[in-house]
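# Examining the three-dimensional arrangement
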Amino acid sequence: MTTLQLENIVKRYKNHTVLDNLSLDVKDGETLVLFGPSGAGKTVLLRLVAGVIDPEEGRILIGGEDMTDVDAEHRGIGMAFQNFALFPHMDAFENIATPLEAKRSSADAIKAGVHRVAKLLKIDHVLTHRPKALSNGQKQRTALARALAGSPPLLLLDDPLRNVDAKLRFEMRLELPRVLAAQGATVVYVTQDYKEAMALGDRIAVMSDGRIRQIGTPEDIYNAPADIDIARLFGDPTINLLDVTPNAEADGVSVLLSDVRIVLPGIPANTAGKSCVIGLRPEALRFVPAGTPGAIPVSVEAETPLNEKTVTLALTVRGREILVSRPAGTPGPASGSAHIAVDCASAFLFDKETGALIARHGSHTGTQGEAA
Ligand SMILES: Nc1ncnc2c1ncn2[C@@H]1O[C@H](COP(=O)(O)OP(=O)(O)OP(=O)(O)O)[C@@H](O)[C@H]1O
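Here the structure is a predicted model, which is why all the values come from computation and not from measurement.

Basis of the calculations
Residues numbered from 1 in each chain as written. Predicted model: local features only at pLDDT ≥ 70, side-chain atom pairs only at ≥ 80, totals over all residues. Helix = DSSP H or I, 4+ residues; strand = E, 2+ residues; numbered from the N terminus. Buried ≥ 20, exposed ≤ 12 C-beta atoms within 10 Å, placed from the backbone. Near = placed C-beta within 6 Å. Axes fitted to C-alpha atoms, helices over the stretch in contact; angles between N-to-C directions. Parallel < 35°, antiparallel > 145°, perpendicular 65-115°, else oblique. Left-handed = near helix turned anticlockwise from the far one by under 90°. Contact = placed C-beta atoms within 7 Å. Pairing = 2+ DSSP bridges. Nonpolar A, V, L, I, M, F, W, Y, C, P; charged D, E, K, R; others polar. Domains from an automatic or database assignment. UniProt positions renumbered as here; feature names shortened; annotations may be inferred.

## Points about the overall build of the chain
Helix and strand counts for the chain come out as eight helices and 23 strands. Counting only C-alpha atoms and orienting by the principal axes, one finds that the chain spans roughly 80 × 45 × 35 Å. The buried share of the chain, reckoned over its 372 residues, is 40%.

Right, dumping it as structure tokens:
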């Protein structure tokens, strides 16, 4: 294990600033996930840490030591990439053994080292196969095993599950925390998949346009996204975002949804009259019988059964689309008109102009029918 610190890193390609004064602290033994859309700068950041490319400005410290000008092979790093990058002329055993060979380990130590990680990744039965005789999942496990084999204190994993099918990705998402914990390394893990980020990260750094927009535990980010863009990135189906203009109330403010007044207590009264966006996660909405206090009338348009949930597309009385999700197999609404209730503890209010989170508060629904 070790620590990693990036201090004020600037990376440019010609006049394009890819990393913009970026600083980051990864703790000893932590798995930090770099999550963000394509082009955010995640791979460039990993390559800088690995020493494959150099920053224009800033410092990279590993275990407190300045490594900015140290060659890649002396940084004590293990890496695995999305394209596996296995040597085609070597079998799986020889591929996995390469970091141990580079360390000039004894033949016995190499054998023991390869078998340790092969067992951990459940590929001990294919060690004599060359890459062309391995399935994609086995290739990906071999690449991971190679990254782990030298027991590097710092492990950089660049979207290692990107090129495997959904079933394997799901399995590995469950399995990787155990593998990484057994390894005991400090890990920087890149992904574009928010579920992977939530499953694997002790903390997640959300990146876009070469900057870190928010950093925190998966729960921190899911429960208090710093802005609308981050709220949209986390969640499937994506969060419902509806324009609202809060009205002042004795206790906080209220907003109108399908002409039903929803009171959001504790939200600063100075948001009254401002253009805002309310964020409601589909799982924070549920269908309720007509006449339930605070029930919002909607019309049910379509239902999509997904694996573990069913998603309903509904329209408010003003024609705004709302997605409602419920566990698969639980009863849903009949088509036509229905009513939904908001799990008030899960409502977010954002500033429409800046996109910033104003507040996430417990709230309660008010009297029905007081349309503005
Ligand atoms: N060698 C290079 N020359 C010029 N521009 C580059 C180079 N490498 C990366 N870039 C640019 O840097 C930006 C960040 O790229 P990077 O590969 O880090 O994105 P990413 O977040 O890893 O995306 P993805 O998830 O798709 O891999 C992109 O705009 C890319 O075009």
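## Points about the site of the ligand
Every residue near the ligand is listed here: Tyr13, Val18, Gly36, Ser38, Gly39, Ala40, Gly41, Lys42, Thr43, Val44 and Gln192. Counting residues per element, the shell around the ligand draws most heavily on helix H1 (residues 42–50), which supplies three residues.

## Topic: the packing of helix H2 (residues 92–102) against helix H3 (residues 107–120)
For the pair H2 and H3, the least separation of the axes is 9 Å and the interaxial angle reads 120°. In terms of orientation, H2 lies oblique with respect to H3. In the crossing of H2 with H3, the sense of the turn from one axis to the other is right-handed. Residues Phe93, Ile96, Ala97, Leu100 and Glu101 of H2 form the contact with H3, whose own contacting residues are Ala109, Ile110, Gly113, Val114, Val117 and Ala118.

## Digging into the sheet that holds strand S4 (residues 57–62)
Read across the open sheet, the four strands follow the order S2-S1-S4-S5; overall the sheet is antiparallel. The open sheet has two edge strands with one neighbour each: strand S2 (16–26) and strand S5 (65–66). Pairing between strand S1 (residues 4–13) and S2: seven bridges, direction antiparallel. Directly across from Arg12, in S2, lies its bridge partner Thr17. Helix-sheet contacts for H1 involve S1, S2 and S4, and the interaxial angle to S1 is about 115°.

## Description of the packing of H2 against helix H4 (residues 136–149)
Contact pair H2 / H4: the axes reach a minimum separation of 7 Å and the direction vectors enclose 25°. Judged by the inter-axis angle, H2 sits roughly parallel to H4. With respect to the hand of their crossing, H2 and H4 are arranged in right-handed fashion. Of the residues in H4, those touching H2 at Ala92, Asn95, Ile96, Ala97, Thr98, Pro99 and Leu100 are Thr142, Ala145, Arg146 and Ala149. Its residues assigned to classes, the contact of H2 with H4 shows seven nonpolar, three polar and one charged.

## A look at the environment of Leu256
Structurally, the position occupied by Leu256 is in strand S13 (residues 253–257). With 20 C-beta atoms counted inside 10 Å, the residue Leu256 sits in the buried group. Along the sequence, Leu256 and Val244 sit twelve residues apart, while their C-alpha atoms lie 7.0 Å from each other.

## Regarding the domain arrangement of the chain
Here the chain is described as being made up of domain 1 (4–224) and domain 2 (240–365). For domain 1 and domain 2, the distance between their C-alpha centroids amounts to 39 Å.

## Digging into H2
Among the residues of H2, Ala92, Phe93, Asn95, Ile96, Ala97 and Leu100 are the ones counted as buried. Looking at the buried positions of H2, the neighbouring elements they touch are H3 and H4. In the segment just after H2, Arg104 is the residue with positive phi, at about 60°.

## Focus on the UniProt feature "domain: ABC transporter" (unreviewed entry) in the chain
UniProt's feature table lists "domain: ABC transporter" (unreviewed entry) at residues 4–234, given in the numbering used throughout. Measuring from the first to the last C-alpha atom of residues 4–234 gives 26 Å, for a span that is 37% helix and 26% strand.

## Brief notes about the sheet that holds strand S8 (residues 186–191)
One open sheet holds the six strands; their spatial order is S6-S7-S8-S3-S9-S10, and the pairing between them is mixed. Each edge of the sheet is formed by a strand with only one pairing partner; in this case those strands are strand S6 (77–80) and strand S10 (211–216). The mean angle between the axes of side-by-side strands here comes to 20°, regardless of whether they run parallel or antiparallel. Where S6 and strand S7 (residues 154–158) come together, four bridges link them in parallel fashion. Bridging from a neighbouring strand, Gly78 pairs with Leu155 of S7.

## Concerning unusual backbone geometry
Across residues other than glycine, the phi torsion is negative in most instances, and most of the peptide bonds are trans. The omega torsion across Asp236 and Pro237 is 0°, close enough to zero to call that bond cis. Relative to the helices and strands, Pro237 is located in the loop between helix H8 (228–233) and strand S11 (240–244). Phi is positive for Asn21, which is not a glycine, with a value near 55°. Structurally, Asn21 is set in strand S2.

## Concerning the environment of Asn240
Position of Asn240 relative to the elements: it lies in strand S11. As for Asn240 and Glu219, which are separated by 21 residues in sequence, their C-alpha atoms are 19 Å apart. Setting aside chain neighbours within four positions, we find Asn240 in contact with Gly279, Leu280, Pro282, Ile322 and Leu323.

## Focus: the pairing of S1
Alignment of S1 against S4, held across five bridges, turns out to be antiparallel. The partner of Gln5 across the bridge, within S4, is Leu61.

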